[in-house]
Structures are given as C-alpha cells and as structure tokens.
Amino acid sequence: MQHKRDTASDSHLGTARRRWLPASLPVSIIMLAAAPLAAAYAQATPPAQPAPAAQQAATAETSPDAIKQREQELEAAREQQRKATELQEKLKADIAAMGQDRSKLNQQLIDIAGQVRGVETRIADAEARLQPLDGRERDIRGSLDSRRSEVIEVLAALQRAGRRTPPALLVRPEDALQSLRTAMLLGAVVPELRVRAEKLAADLGELVALRKTISTERDALAADRDKLKEDQTRLAALVDERQRQQSAAEKDMEAEGARAIALSKQAADLQSLIAKMEQDLKSAAKAAATASLQGAPATVNGKPNLGALKDPARMSPAVAFASAKGLFSYPVNGTKIREFGGSDGAGGVQKGISLAAKPGAQVTTPCDGWVVYAGPFRSYGQLLILNAGGGYHVLIAGMERISVNIGQFVLTGEPVATMGSTSQVASILATNASQPVLYVEFRKDGTPIDPGPWWTANEGEKVRG
C-alpha cells in the first residue's frame, strides 16, 4: 500500500513538472530575465558598511589602484598644460601674422564669436535633452527600488526554476507530499511570475538604453565644453589684440573713458546720456558726426546690399538700419522673458526686450554701429550704446564686462561683451531671476521703438546665434 501511494505521488509530480517547466516558462526566458534582474538588484543593494574613516583613508592612499589613479591624474594635468601652451603659441603666431591688418582681425573675431555662439547653442540643446532623460532614469530607478522585495522574490523563483529541478522523490511520504505540493503551487503561479518578470525586464531594458543614450549625450557635451574653452581663449586673445590696436590709435582713450563715466553721472535718463555723450565727449561726438555724414548705404534694386556685410574692413554700416528689418540676430543665446510693451517688473512698461542667458555667455552686436557709450549707468549695470546711423541707437545692458571702447566702430556679429553669473539690471534683480539677463532696446530719434520687426524670422522663444 505504501508503494502505491509513493507511485501515485510520483505520477502527480511528473504531471506537474510537464505542465509547468516546458510550456509555461521556457528555461531560456527564465535565465535571460534572471541575469539583468540580478545585476539590477546588485546595483540597488546598499554597499557594505565602510571601514573607519582614518583606516579607510590610509588604505586608499597606499593602495596600488590609488597610486595609479594619482599618476593618471598627474599625466592628464601635464597633457592639459601642454595643450594650453601649444594653443597660446599658436595664438601668438596667428596674431603676429595678422599684423595691423584690421580686416583680418575683424573677420577672425566674427568667425570665432560665431563659433562660440554655436557651441553655446549645442551645449544648451544637449542640456535640454539630458534633463528629461535624467528624470526618466530617476523614475525607473525609484520604481525598481520601491519594488525591491518583488525583485528579490522574482529573482529567487527564477533562479530556482531555471537552475534547479524540483526535488527528487525521497523515501518518506511527507517529503513526497511536500514535493508534490511545491510543484503544484509553482505550476499555478508561473504565469503570474512570468508577467512580473517581463515587466521588470522591460524596465531594466529601458534603463540600460537610457544609460547608453545619457552616456553618449554627456560625452558630446564634454567635448563641446572643451571646444568652448578653447574658442573662448582664442577669442579673448583676439579681443585683447583688437583693443591694443584701438588704444594705440587713440592715445587718450583712458582719459575719454573716465570723462564718459563722469558725464554719465550727470545724466538723468538714457536720452540725456546719449545727448551728453554725442555732444560733450570727443570720441563719441566724432562717431555721431561720422554716422550722420555717412548717409544711407547703397541698395541693390531697392533692397539692402547683403554682400556688403561680408567686407570685414568696412568703416560704416553696410545696411541702413531702417532697411534691415528681419536681418538681425539676438545679441546672446538664451530665452526671451520679457516683450516690448509688457511690464518691466517695477511698475513700468518694458521699452525693450529681456533675454535670460547662460553665465559667461558671449554677447555680440546685432548690427553695425559706432560705440557712443560703454560703462556703468544707474540701474542698467554695464551699458553699451551704439549709434547705428539714420537716427537709430541700440542699447544693450546687463553684461558683466564690455570689451569695446567709446568711438570704436563695430561690425555685425562682433564680440563686444560677456555676461556675468547673475543679473545686473535692477528691474530684473527685483524678480529674483536665477540667470543673468540681457536687456536690448532700439531707439529712433530718442524714442524707444518695438525691435520685433528687425529680428530674423527664426528668432523665437529659443534664441539662436
């Protein structure tokens, strides 16, 4: 009788095995799901408690891996220093080759400034793409972490199913019965187990793909940041050379700058400042007189001569300001936060536009013009005023540093300033803006006008260089 019960138990167990293992969950699927789940669980498991701080530090300092890491860091620092030295030498050679050729220097400045603006745009785009990717990765990791017990449970079941068959029959009937019950139970829950395993595997697959995409984006971002540093170094050297040549031509430039600051303190508003500069300051007055004498630039069949913009040696605007509608690019990469005619944040009306930029962003000129003021002014922070001819003036404020001098003629796209790390304009400071903000205003015969028609058609909320 005992033998018959054992035989019956064996028969039931064999049936349970056939119903569960081959049909419900193939071993290949089990092993495929178990491997990534095990890796994820290993990553999610907290590390062992560290050794005491002093002992850990001493061990880290003397371990071969730590020594090797220090050697690699030293070698990387030496390589960076070597590259910096090579770049400086190349810059000196390039500047020496230009000599006093103003057109070559201007073209180099415009080209490098354009490259800087382009890299700034790529960096901003990469950061924008990374933000949702990082958020999704955090969500998946959080989901997996919150299901830690489920991961452990599924792992254990998959490993038992994939690597071990149900226990062999033993001599004791209790063992046989337990084996039968276990096999029957597993046979009932396998379909649910498979669904849970597939869901976890899908999450893990997405997490792996996300990590690869994020790694690729971060590598490209790091390369762009390195390129930006090199371009900024080159641009700084070219700007210094431009200003050195300008200073050589204008011996009394320092005195003029000091007088401009003194006059600015006497001005009550922007219109008064422009009038004082163009009447009382020699270099600004000369620039204003030149602007009024130039007349309107020649047109081709009644349209602006865009070919004239390619001449880096020009000393007057290539295109009449009034005819340049739809041709100007914003002076800085960033996001427009205030429109002309809207609230200025201080109870008044916005007379220009405000652009939130990245710290240290490059500022370029939207048009040709003569510098009639460059320096601090009241609540505007650092202020740059260009006389664009034809009674038009362009005001740019909120930079940390201006790199041109009063009386200087600047070309469209030429670098003239850099942004700081915080906002410099008082009305923007009042709103607790987290980014530096550039304020841009156009004036015609002293009256602020809407700059909207002058910007290129692709200048939307996202500013492009």
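Higher on the page you've got the structure.
Residues numbered from 1 in each chain as written. Predicted model: local features only at pLDDT ≥ 70, side-chain atom pairs only at ≥ 80, totals over all residues. Heavy atoms only, no water.

1. Some details on a nonpolar patch on the surface
This is how it is decided: Like charges within 9 Å and nonpolar side chains (Val, Leu, Ile, Met, Phe, Trp, Tyr) within 5 Å are joined into patches, using only residues over 30% in relative accessible area that form no salt bridge. All accessibility values rest on the Shrake-Rupley procedure with a 1.4 Å probe; residue burial counts only the protein chains present in the view. Criterion for a salt bridge: a side-chain nitrogen of Lys or Arg within 4 Å of a carboxyl oxygen of Asp or Glu. Under the scheme used here, helices are H or I runs from DSSP no shorter than 4 residues and strands are E runs no shorter than 2 residues, and both carry numbers assigned from the N terminus.
Where nonpolar side chains cluster on the molecular surface, the patch consists of Leu 306, Leu 309 and Leu 327 and spans about 230 Å² of accessible area. Inspection of the secondary structure puts Leu 306 in the loop between β2 (303-304) and β3 (334-338).

2. Some details on the packing of aromatic side chains
The line we're drawing: Stacked, tilted and edge-to-face are the three classes assigned to paired rings of Phe, Tyr and Trp, where Trp is represented by its six-membered ring and a pair needs centres within 6.5 Å; plane angles under 30 degrees give stacked, over 60 edge-to-face, the rest tilted. Buried residues are those whose accessible area, probed at 1.4 Å on protein chains only, stays under 20% of the maximum for their type, while exposed residues exceed 50% and partly exposed ones sit between those limits. Remark: a charge is flagged as sitting over a ring if the NZ atom of Lys or the CZ atom of Arg is within 6 Å of the ring centre and within 35 degrees of the ring normal.
Scanning all chains against the criterion turns up twelve aromatic pairs. Considering the side-chain rings of Phe 442 and Trp 454, the 6.0 Å spacing of their centres and the 85 degrees angle between planes classify their relative orientation as edge-to-face. Remark: Trp 454 occurs in the segment after β13 (447-449) and Phe 442 occurs in strand β12 (residues 437-444); sequence separation between them is twelve residues. According to the relative accessible area criterion, Trp 454 is buried, its value standing at 5%. Grouped by ring-pair contacts, the aromatic residues Phe 321, Phe 328, Tyr 330, Tyr 392, Phe 442, Trp 454 and Trp 455 constitute a single cluster. The ring of Trp 454 has Lys 325 lying over it, and the distance from NZ or CZ to the ring centre is 5.0 Å. Geometry around Tyr 392 places Lys 444 over its ring, the cationic atom sitting 5.2 Å from the centre.

3. A short note on the sheet that holds strand β11 (residues 415-418)
Condition: One requirement defines pairing of two strands: DSSP has to find at least two bridges between them. A contact between two residues is defined here by any heavy atoms of the two lying within 4.5 Å. Between N-to-C directions, angles cover 0 to 180 degrees, with each direction set by a line fitted to C-alpha atoms, over the stretch in contact for helices.
Read across the open sheet, the three strands follow the order β5-β11-β9; overall the sheet is antiparallel. One side of each edge strand has no neighbouring strand; the edge strands of this open sheet are β5 (362-364) and β9 (401-402). Where β9 meets β11, two bridges bridge the pair, whose relative direction is antiparallel. Its bridge partner being in β11, Arg 401 is matched across the sheet by Thr 418. Helix α5 (residues 102-146) contacts β5 and β11 of the sheet and is inclined by roughly 130 degrees relative to β5.

4. What about the nonpolar core?
Note the following rule: Think of a nonpolar core as a cluster: buried Ala, Val, Leu, Ile, Met, Phe, Trp, Tyr and Cys residues, connected wherever their side-chain atoms sit within 4.5 Å.
Counting residues in each nonpolar core, the largest one holds 33 residues, and the members touching the most others are Phe 321, Val 363, Met 399 and Phe 442. Elements with a contribution of two residues or more to this core: β4 (353-357), β7 (382-389), β8 (392-399), β11 and β12. Of all the elements, β8 adds the most residues to this core, at four residues. Apart from residues no more than four positions distant in its own chain, Val 363 is found in contact with Pro 331, Val 332, Ile 396, Met 399, Glu 414, Pro 415, Val 416, Ala 417, Thr 418, Met 419 and Leu 438. Core analysis: the next-biggest nonpolar cluster, separate from the first, contains 23 residues, Met 277, Trp 370, Ile 406 and Phe 409 among them.

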